[in-house]
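Each chain, written out:
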Amino acid sequence: MMKDYQEILDFWFKEATPEQWFKQDDTFDTIIANRYAETHRKVVQGEYAHWRNTIQGRLAEIIVIDQFSRNLYRHDPKAYRYDEMALVLTQEALKVLDIHNLSKVECSFLYMPLMHSESLVIHEEALSLFEKLGLETNYEFEKQHQQIIARFGRYPHRNKVLGRQSTAEEIAFLKEPNSSF
């Protein structure tokens, strides 16, 4: 059964809390798995492409791809498998859709695939967008993400789950506070 994108937005912005968005929570991950695993499968296969006709639908698709992937596949390489797909959807939205119909918090999730990118070029754009958005906390987190990418060219905290060899500098960095997201 096809889900309406409004169901995704209502779940994410009305039912879920900001604390659930950004912390590891097995119960929250299970709720997403039970309710949205099949939707996620269909979205990443492109079956909900019609959602892209509106900015709200595009946002819902990005949340499913970018955020739900991290909940569904925590500690698994699949958590990052769809990052490029989400990034392209964000980039397209920034060019063709009226993002002014979104709240600041909704925009922050539209921009989130930029923050998740391991490209320094993408982070330069993200810094500008998050700064214009006016959500200081999001902007500060983007600055931290950009600094990690500038220093290492990737997110060291992903190395283990992605099977990448960490450098000595990355290993030392990961022992520091706030080195992982």
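Owing to the predicted nature of the structure, the values given are computational and were not obtained by experimental measurement.

1. Description of the overall build of the protein
Tallying secondary structure elements over the protein gives ten helices and zero strands in all. Reported as C-alpha extents along the three principal axes, the dimensions of the protein are approximately 50 × 35 × 25 Å. Out of the 181 residues in the protein, the part that is buried amounts to 45%. Between the averaged position of the 22 positive side-chain charges in the protein and that of its 28 negative side-chain charges there is a distance of 4 Å.

2. Thoughts on the packing of helix H4 (residues 55-72) against helix H5 (residues 83-96)
For any two helices packed against each other, the geometry is given by the interaxial angle and the distance between the axes. Put simply, H4 and H5 touch, their axes get as near as 9 Å, and they point 160 degrees apart. As judged from the angle between their axes, H4 and H5 are roughly antiparallel. Regarding H4 and H5, the two cross each other, and that crossing is left-handed. Along its contact with H4, which presents Ile55, Arg58, Glu61, Ile62, Ile65, Asp66 and Arg70, the element H5 presents Asp83, Met85, Ala86, Leu89, Thr90, Glu92 and Ala93. A class-by-class count of the residues in the contact of H4 with H5 yields seven nonpolar, one polar and six charged.

3. Observations concerning H4
Taking 1.5 Å of rise per residue, the 18 residues of H4 would be expected to cover 26 Å, and the 24 Å separating its terminal C-alpha atoms lies within 8% of that figure. Of all the bends in H4, the greatest measures close to 30 degrees and is centred on valine 64.

4. Some remarks on the layout of surface pockets
Taken as a whole, the largest pocket spans an internal volume of roughly 1000 Å³. If you list the elements that add at least two residues to the lining of the largest pocket, you get helix H2 (18-22), H4, helix H6 (104-116), helix H8 (136-152) and helix H9 (159-162). Of the residues contributing to the lining of the largest pocket, the split by class is 14 nonpolar, 14 polar and seven charged.

5. A short note on unusual backbone geometry
We note that histidine 75 has phi near 65 degrees; this positive angle belongs to a residue other than glycine. Following the sequence through the fold, histidine 75 ends up in the loop between H4 and H5. Its identity is not glycine, yet asparagine 178 carries a phi of approximately 60 degrees, on the positive side. Take asparagine 178: it is sitting in the segment after helix H10 (168-174).

About the thresholds
- Residues numbered from 1 in each chain as written.
- Predicted model: local features only at pLDDT ≥ 70, side-chain atom pairs only at ≥ 80, totals over all residues.
- Heavy atoms only, no water.
- Helix = DSSP H or I, 4+ residues; strand = E, 2+ residues; numbered from the N terminus.
- Buried < 20%, exposed > 50% of the residue type's maximum accessible area, 1.4 Å probe, protein only.
- Lys, Arg positive; Asp, Glu negative; His and termini not counted.
- Charge placed at Lys NZ, Arg CZ, Asp CG, Glu CD.
- Axes fitted to C-alpha atoms, helices over the stretch in contact; angles between N-to-C directions.
- Parallel < 35°, antiparallel > 145°, perpendicular 65-115°, else oblique.
- Left-handed = near helix turned anticlockwise from the far one by under 90°.
- Contact = heavy atoms within 4.5 Å.
- Nonpolar A, V, L, I, M, F, W, Y, C, P; charged D, E, K, R; others polar.
- Expected span 1.5 Å × (residues − 1).
- Bend = angle between axes of the 7 residues up to and from the residue.
- 1 Å grid on protein atoms, 1.4 Å probe; cavity = no way out; pocket = protein on both sides within 12 Å on 5 of 7 lines; lining within 4 Å.
- Points joined across faces, edges and corners; volume = space filled by probe spheres on them.

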